[in-house]
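Examining the three-dimensional arrangement
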Amino acid sequence: MVISVKKVEWTQTLEEVDVRILFSSKISSRVDVFTHRDFIKINFPPIFREIFLSHPVDESQSKYRILENEIKFNLKKSNPIMWDSVEKNVRKADRIELKQKIIEESQKLGEEEKKQKAEQRTIIKQNDIRKEISRETQQRNQIDEINKSICKTEEAKITQITGEPEKITIKTNVPGVRKNGNIFVGFTNRSFPTPKRESQDHLEQEWFQKQHEARKIIGFVEEDLRPEERNLDWLQEKASTFFHNKNYLGAIAVYSNAIKLATKCYNLYLQRSTCQWFLGNFQRCIEDCSSAYDLLTPAVPSNLSARIQCLVRRGAALCKLGYLEHGLGELKAAFALDSTNENLARDIEMIEEKLQDLDDSDN
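Here the structure is a predicted model, which means the values were calculated and not measured. Residue numbers here run from 1 along each chain, matching the order of that chain's written sequence. Restriction of local features to residues with pLDDT of at least 70 applies here, the model being predicted, together with a cutoff of 80 or more for giving and counting side-chain atom pairs; totals for whole chains, interfaces and linings are based on all residues. With hydrogens and water set aside, each side-chain value is computed from the structure's full complement of heavy atoms.

1. Overview of the overall build of the protein
Scanning the protein from terminus to terminus reveals nine helices and seven strands. Under the scheme applied here, a residue whose accessible area is under 20% of the maximum for its type counts as buried, over 50% as exposed, and between as partly exposed, the area being computed with a 1.4 Å probe on protein chains only. Residues counted as buried form 26% of the 363 residues belonging to the protein. Contacts in the protein between residues far apart in sequence, at least 24 positions, make up 49% of those at least 6 positions apart. In short, Shrake-Rupley with a 1.4 Å probe defines the accessible areas, and a residue's cover is counted only from the protein chains shown. In the structure as shown, the protein presents an accessible area of about 26200 Å², 51% of it carried by carbon and sulfur atoms. Starting at the N terminus, helices and strands are each numbered in turn, a helix being any DSSP run of H or I of at least four residues and a strand any DSSP run of E of at least two. Only heavy atoms matter for contacts: two residues are in contact if any of them lie within 4.5 Å across the pair.

Structure below.
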């Protein structure tokens, strides 16, 4: 469903500007709002709205609110002047360069703020340490004063009884100096990152049992394979059987084990990418296509079909993830290798039209 920007309203005083951006439908909870002294941006697919401000604002003093179907900006002017318009007229060709400068400036400011916060935390930590040292020193001094007072009191009692003062000393048992040596510590190998506890042992064993049963359900448990089942041809045949039975998880598991035996076999990556596609794992599908394509070198007529398949599937997966421009580039690269493919030509034309519609809606 396409959500369009209904309208943009703005009012101003000598000190500030209020901007309201209204939408035709409810705003997504995943909306991304970016503000800068010369620029504001709103992004939640398929909406992407940019406003290059006609004059700079004080970003630290500005704020915004996200309501049900509108976003309100309260921008503090850097200079107390009246604006002729809220948006600067920027040519389309200059927008990318201006946005790049704004991004670089924001990143630089962000790094400086991060550095300042780190320095401030260090100072606070050092002050806390000094306070703790001072507190402990004060406690030790108080204990020494109490001990001295006790000694004086006891000496006064003895003097009163015997007529002679006696020095009272407080004996402290100080342990002897330890002998030096080396202590060697070993650790038991564990599959979990946490320390082993006897009370948790039954839960860990239950987890391992569930994982073993889950691998059996998808039809492949590596430790249960017989020696003859570690053959690459057998693995490919088994994976093909899983695939035709629509057991894509089982096929992926077998292809993954086959890749361990033959890491340079491009066909295994390409076949696994097909399974990832049917499961909707588009990111992993892209990774497998890229691995297969990297192995298809040098580019010769015998591997042309495989290279085209890698590019087409990778482009389609990118489009599924919303990266239309990148996906279009992959499809065009495939079409350059096979210009007679009518289906591919129609797909390219459809994506170009969609991109043009999005560009027109932004403008």
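Text resumes after the structure shown.
2. Re the packing of aromatic side chains
Here a Phe, Tyr or Trp ring, Trp counted by its six-membered ring, pairs with any other such ring whose centre lies within 6.5 Å, and the pair is stacked when the planes are under 30 degrees apart, edge-to-face when over 60, and tilted otherwise. Inspection of the entire model under this criterion finds seven aromatic pairs. With a centroid separation of 6.2 Å and 55 degrees between ring planes, the pair formed by F34 and F39 is classed as tilted. Each residue in the set F34, F39 and F52 is aromatic and connected to the rest through ring pairs, giving one cluster. Across the ring face of Y293, the terminal group of R314 is positioned such that the distance to the ring centre comes to 5.5 Å. Here, a charge over a ring means that NZ of Lys or CZ of Arg falls within 6 Å of the ring centre while also lying within 35 degrees of the ring normal.

3. Focus on the sheet that holds strand 4 (residues 39-44)
The antiparallel open sheet is built from three strands, whose spatial order is 3-4-5. Bordering the open sheet on either side are strand 3 (32-36) and strand 5 (47-52), each of which pairs with just one other strand. Going from strand to strand, the sheet's axes swing by 5 degrees on average, the running direction of each strand aside. The rule for pairing is simple: two strands pair if DSSP sees at least two bridges between them. Bridge count between strand 4 and strand 5: six bridges; the pairing is antiparallel. Residue K41 lies in a different strand from strand 5, and its bridge partner there is E50. Axis definition: a line fit to C-alpha positions, over the contact stretch in the case of helices; interaxial angles, taken between N-to-C directions, run 0 to 180 degrees.

4. A look at the packing of helix 5 (residues 266-279) against helix 6 (residues 282-295)
Two numbers describe a pair of packed helices, the interaxial angle and the distance between the axes. Relative orientation of the contacting elements helix 5 and helix 6 amounts to 165 degrees, with a least axis distance of 8 Å. By the angle between their directions, the pair helix 5 and helix 6 is classed as roughly antiparallel. The two elements helix 5 and helix 6 meet at a crossing, and its hand is left-handed. Contact residues: Y266, Y269, L270, R272, S273, Q276 and W277 in helix 5; F282, R284, C285, D288, C289, S291, A292 and L295 in helix 6. Any residue outside Ala, Val, Leu, Ile, Met, Phe, Trp, Tyr, Cys, Pro, Asp, Glu, Lys and Arg is labelled polar, Gly included; the first ten of those are nonpolar and the last four are charged. Tallied by class, the residues present in the contact of helix 5 with helix 6 amount to nine nonpolar, three polar and three charged. By the definition adopted for this analysis, an angle is roughly parallel if under 35 degrees, roughly antiparallel if over 145, roughly perpendicular if from 65 to 115, and oblique otherwise. For any pair of crossing helices, the crossing counts as left-handed if the nearer helix is rotated counterclockwise from the farther one by less than a right angle, and right-handed if it is rotated clockwise.

5. Notes on the side chain of N74
Tracing the backbone through its elements, the reader meets N74 in strand 7 (residues 70-77). Whenever a nitrogen or oxygen atom comes within 3.5 Å of another N or O atom, the pair is scored as a polar contact, on the condition that within protein one atom can donate a hydrogen and the other can accept it, and that pairs from neighbouring residues in sequence are kept only if both atoms are in side chains. A polar contact of 3.4 Å, which involves the side chain of N74, links it to the side chain of E16. Once you skip the residues sitting within four places of it in the chain, N74 turns out to touch E16, V17, D18, S62 and K63.

6. Quick word on the pairing of strand 7
Across the eight residues of strand 7, six count as buried, placing the element largely inside the fold. As defined by bridge partners, strand 2 (residues 16-23) adjoins strand 7 across seven bridges and the pair is classed as antiparallel. Opposite D18, over in strand 7, you have N74 as the bridge partner. Strand direction decides the pairing type here: strand 6 (residues 57-66) and strand 7, joined by six bridges, are antiparallel. Bridge pairing in strand 7 links K63 to N74. The antiparallel hairpin formed by strand 6 and strand 7 contains three residues in its connecting segment.

These results come straight from atomic positions and should not be treated as a statement about function.
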